[in-house]
Amino acid sequence: MDTVLQVHEVSKNYGAKKALRGVSFQLAAGKITGLLGSNGSGKSTLLKIIAGLTYPSSGEVTVQGTRIGPASKALISYMPDRPLTEPWMNIGDALTYYADFYADFDREKAERMLDFMKLKTKDRVKHLSKGMNERLQLTLVLSRRASVYLLDEPIGGVDPVARTAILNALVEFYEEDSTLLVSTHLVTDIERIFDDVMFIKDGELIMHGEVEEIRLQQGKSIDELFREVYAEC
Ligand SMILES: Nc1ncnc2c1ncn2[C@@H]1O[C@H](COP(=O)(O)OP(=O)(O)OP(=O)(O)O)[C@@H](O)[C@H]1O
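Sequence order as written defines the numbering, with residues in each chain counted from 1. In view of the model being predicted, local features appear only for residues whose pLDDT reaches at least 70, and side-chain atom pairs are presented and counted only at 80 or more, with totals across whole chains, interfaces and linings using the full set of residues.

Before going further, it helps to examine the UniProt feature "domain: ABC transporter" (unreviewed entry) in the protein chain. UniProt positions are given in the numbering used here, feature names are shortened, and annotations may be inferred rather than shown by experiment. UniProt tags residues 5-227 as "domain: ABC transporter" (unreviewed entry). Taken end to end, residues 5-227 is 34% helix and 29% strand, and its two terminal C-alpha atoms sit 28 Å from one another. Helix and strand assignments follow DSSP, with helices taken as H or I runs no shorter than four residues and strands as E runs no shorter than two, numbered in order from the N terminus.

Structure follows, in structure tokens:
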């Protein structure tokens, strides 16, 4: 397995709060991995550390052997749980803004994605529904040529129809030679797109494996397992 992303003994404290405790894992190219956990389990903190937006209190993260820092920014495309766009923009402006910011932005791919998701460049960002807005954010993030894509709750707060559209787009436009890490606590609909899953609970990684293997070993779906593990959360 050629490791693309390596997270080694990463901990993060916010004052007395231990948001992450000694998290270690490796991800290879060609897989979609689900980072699953209930609210407050540490998912966003972990993604922010990998994206270089916050420092770990201890431990180390590397992407293709490069430590997280200015040089790793070109290797990682990150979709935060808040929009990357401004309300005054139309979708065309959002694409231009992103293309100006990132030299690796593939406008042609972005336009194909917009088409697939029935978005028009003239549509105004402030008039988009939550589901449409998530589709736009996904378009921006997946249209960069990166090694690692990090998506923080890409289907948070959207209805089931929009969820399906977003997940279909993810599967359709995911580049096979990259690594995709998707955080969520909404396991029901999204389980089908994952090759691997990680369970994070109270800042600790408590399980990491192939979906098929976990299903066989545990004799239940990832969704059922998730409900069991987080029952008391
Ligand atoms: N900037 C911060 N200052 C203090 N505490 C924080 C900060 N960011 C996160 N935390 C705390 O760290 C813990 C992990 O938060 P995090 O946002 O990483 O969890 P999460 O799994 O992404 O949750 P959610 O699904 O609700 O977004 C929580 O207890 C949260 O309150």
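This is not the end of the story, as more comes after the structure.
We call a residue near a molecule or strand when the C-beta position, derived from backbone atoms, sits within 6 Å of it. The environment of the ligand is made up of Tyr-14, Lys-17, Ala-19, Gly-37, Asn-39, Gly-40, Ser-41, Gly-42, Lys-43, Ser-44, Thr-45 and His-185. For the shell around the ligand, the elements supplying multiple residues, two or more each, are β2 (17-28) and α1 (43-51). The biggest single contributor to the shell around the ligand is α1, with 3 residues. Of the residues contributing to the shell around the ligand, the split by class is 2 nonpolar, 8 polar and 2 charged. Amino acid classes used here: Ala, Val, Leu, Ile, Met, Phe, Trp, Tyr, Cys and Pro are nonpolar; Asp, Glu, Lys and Arg are charged; the rest, including Gly, are polar.

In this section: the pairing of strand β4 (residues 58-63). Sheet analysis places strand β1 (residues 3-14) next to β4, joined by 5 bridges and oriented antiparallel. Residue Gln-6 lies in a different strand from β4, and its bridge partner there is Thr-62. Here β4 folds back onto strand β5 (residues 66-67), and the loop between the two strands holds 2 residues, one of which, Gln-64, carries a positive phi near 50 degrees. In this description, strands pair whenever DSSP reports at least two bridges between them.

What follows deals with the packing of helix α4 (residues 130-142) against helix α5 (residues 160-173). Where α4 meets α5, the closest approach of the two axes is 9 Å, and the angle between their N-to-C directions is 10 degrees. Between α4 and α5, the angle is such that the two are roughly parallel. Note on element contacts: α5 touches α4 through Ala-162, Ala-165, Ile-166, Ala-169, Leu-170 and Phe-173, opposite Gly-131, Glu-134, Arg-135, Leu-138 and Leu-142. In terms of residue class, the contact of α4 with α5 is built from 8 nonpolar, 1 polar and 2 charged. A fitted line through C-alpha atoms serves as each axis, taken over the contacting stretch for helices, and the angle formed by two N-to-C directions is quoted from 0 to 180°. By the definition adopted for this analysis, an angle is roughly parallel if under 35 degrees, roughly antiparallel if over 145, roughly perpendicular if from 65 to 115, and oblique otherwise. Here, residue contact means that the backbone-derived C-beta atoms of the two residues sit within 7 Å.

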